[in-house]
Amino acid sequence: SPSAAVILDGDGDYVWWYLLEDSELTTNRAAISADGRSILVRVNHRDGPSYGIRRVALDGRLLETIETCAEAHHDFVELPDGTLATFCHDTREVDGDSIVGDRLVEYPPDGGENDVWFVWDHWDFDPDQGQDPHWGYAHANAVDYQPDGDTYTVSTRKLDSIFLVQRDSG
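What counts as what
- In this numbering scheme, every chain counts its residues from 1 along its sequence in written order.
- Given that the model is predicted, a residue must reach a pLDDT of at least 70 before its local features are reported, and side-chain atom pairs must reach 80 or more before they are shown or counted; all residues, however, enter totals for whole chains, interfaces and linings.
- Remark: hydrogens and water are excluded; side-chain values derive from all non-hydrogen atoms of the structure.
- Each helix is a run of H or I in the DSSP string that is no shorter than four residues. Each strand is a run of E no shorter than two, and both are numbered from the N terminus.
- We take the radius of gyration over the C-alpha atoms and set the globule estimate at 2.2 Å times the residue count to the 0.38 power.
- For every residue, the accessible area (1.4 Å probe, protein chains only) is compared with the maximum for its type, and the residue is labelled buried under 20%, exposed over 50%, or partly exposed between those bounds.
- Any two residues having at least one pair of non-hydrogen atoms within 4.5 Å are treated as being in contact.
- Accessibility throughout is a Shrake-Rupley quantity obtained with a 1.4 Å probe, and a residue counts as covered only by protein chains that appear here.
- His is not counted, nor are the chain ends, whereas Lys and Arg count as positive and Asp and Glu as negative.
- Where a charge lies is defined by one atom per residue type: Lys uses NZ, Arg uses CZ, Asp uses CG and Glu uses CD.
- Cysteine sulfur pairs qualify as disulfides if the two atoms are within 2.5 Å.
- Salt bridge, as applied in this entry: a Lys or Arg side-chain nitrogen positioned within 4 Å of an Asp or Glu carboxyl oxygen.
- Strands were regarded as paired on the criterion that DSSP finds at least two bridges between them.
- Per-residue confidence from the predictor is reported as pLDDT, a score between 0 and 100.
- Helix axes are fitted to C-alpha atoms over the stretch in contact, other axes to C-alpha atoms as well, and angles between N-to-C directions run from 0 to 180 degrees.

Trainee: Help me understand the overall build of the protein chain in this model?
Mentor: In terms of regular secondary structure, the protein chain is built from zero helices and 14 strands. Helices and strands in the protein chain line up, N terminus first, as β-β-β-β-β-β-β-β-β-β-β-β-β-β. Its C-alpha atoms give the protein chain a radius of gyration of 17 Å, within 12% of the compact-globule value 15 Å for 170 residues. Counting every position in the protein chain, which comprises 170 residues, the buried fraction comes to 44%. Considering only contacts in the protein chain between residues 6 or more positions apart, those separated by 24 or more positions represent 33%. Carbon and sulfur atoms make up 46% of the accessible area of the protein chain, which amounts to about 8900 Å² in all. Between the centroid of the 12 positive side chains of the protein chain and the centroid of its 34 negative side chains there is a distance of 5 Å.

So, in structure tokens, the structure goes:
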């Protein structure tokens, strides 16, 4: 404590780090920005909401915080134009129960929030399969972007599946 995003060299030595200022904050994903000039760090409360994705300069200065949905989780990816894509929960009623699914959401550099993909549109909830009470019935946990086809690859842990998602049509 506190949590930190770090970069290690080939010998395992720390060469860069960004400490979160509060012991109640954590990070589960950090990545070098698309332009290679900053580090993107997801920040979450240990047992609660997302506090967005922080863009941190290589000298450790906070450059900006990109606000995301409160239930943003797991992975994110930055597109060449600076758009960030991440997972958000998508809770729906099924037979009187609240069931958590996933959606892939983009946050363009000029602001806003654009839904790209909903697991509900491609895989029905199976009550026999059940759901993790926190992460849902699909548990999307990895995303990558392929610029040559303008597609995302989305991995879902609980469905044991990988989806190829056309960005323009979901």
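Trainee: Would you mind going over the state of the cysteines with me for this structure?
Mentor: Joining two cysteines, a disulfide is a covalent bond between their sulfur atoms. Inspection of every chain in the model, using the stated rule, returns one disulfide. The disulfide bridge from Cys69 ends at Cys88, spanning 1.8 Å between sulfur atoms. Taking the sign of the torsion about the S-S bond as the criterion, the disulfide between Cys69 and Cys88, at about -100 degrees, is left-handed. You can see Cys69 sitting in the loop between β7 (62-66) and β8 (73-78) and its partner Cys88 sitting in strand β9 (residues 84-94), a full 19 residues away along the chain. Just as Cys69 is buried, Cys88 falls in that class too.

Trainee: Would you take a moment to explain the pattern of salt bridges for this structure?
Mentor: When the charged atoms of two side chains lie near each other, side chains of opposite charge can form a pair. One pass over the full model with this rule turns up twelve salt bridges. For Glu64, the salt bridge identified is with Arg55, shortest N-O distance 2.9 Å. Glu64 sits in the partly exposed class, given a relative accessible area of 35%. Here Arg103 and Asp115 are joined by a salt bridge, their closest N and O atoms 2.5 Å apart. With Arg103 in strand β10 (residues 97-107) and Asp115 in strand β11 (residues 114-118), the pair connects residues that are twelve residues apart, well separated along the chain. Of the residues examined, Asp115 reaches a relative accessible area of 41% and is grouped as partly exposed.

Trainee: Hey, could you run me through the pairing of β11 in this one?
Mentor: Here four bridges tie β10 to β11, and the two strands are oriented antiparallel to one another. Paired with Glu106 across the two strands is Asn114, which belongs to β11. The antiparallel pairing of β10 with β11 creates a hairpin that spans six residues between the two strands, and Gly111 there sits at a positive phi of about 100 degrees.

Trainee: What am I meant to see in the confidence of the model for the protein chain here?
Mentor: Regions with low pLDDT should not have their predicted coordinates read in detail. In the predicted model, the protein chain carries a mean pLDDT of 93, and the fraction of residues at 70 or more is 99%. Looking over the protein chain, one finds the lowest element-wise mean pLDDT in strand β3 (residues 25-26), namely 92, and the highest in β11, namely 98.

Trainee: I keep staring at the sheet that holds β10 and nothing clicks. Help me out?
Mentor: Hydrogen bonding along the main chain pairs the strands of a sheet, whether they run parallel or antiparallel. Pairing is antiparallel in the open sheet, where four strands are placed in the order β8-β9-β10-β11. Each edge of the sheet is formed by a strand with only one pairing partner; in this case those strands are β8 and β11. On average, each strand axis in the sheet is tilted by 40 degrees relative to the strand beside it, whichever way the strands run. Of the strand pairs in this sheet, β9 and β10 are connected by eleven bridges, and their pairing is antiparallel. Bridging from a neighbouring strand, Thr91 pairs with Val100 of β10.

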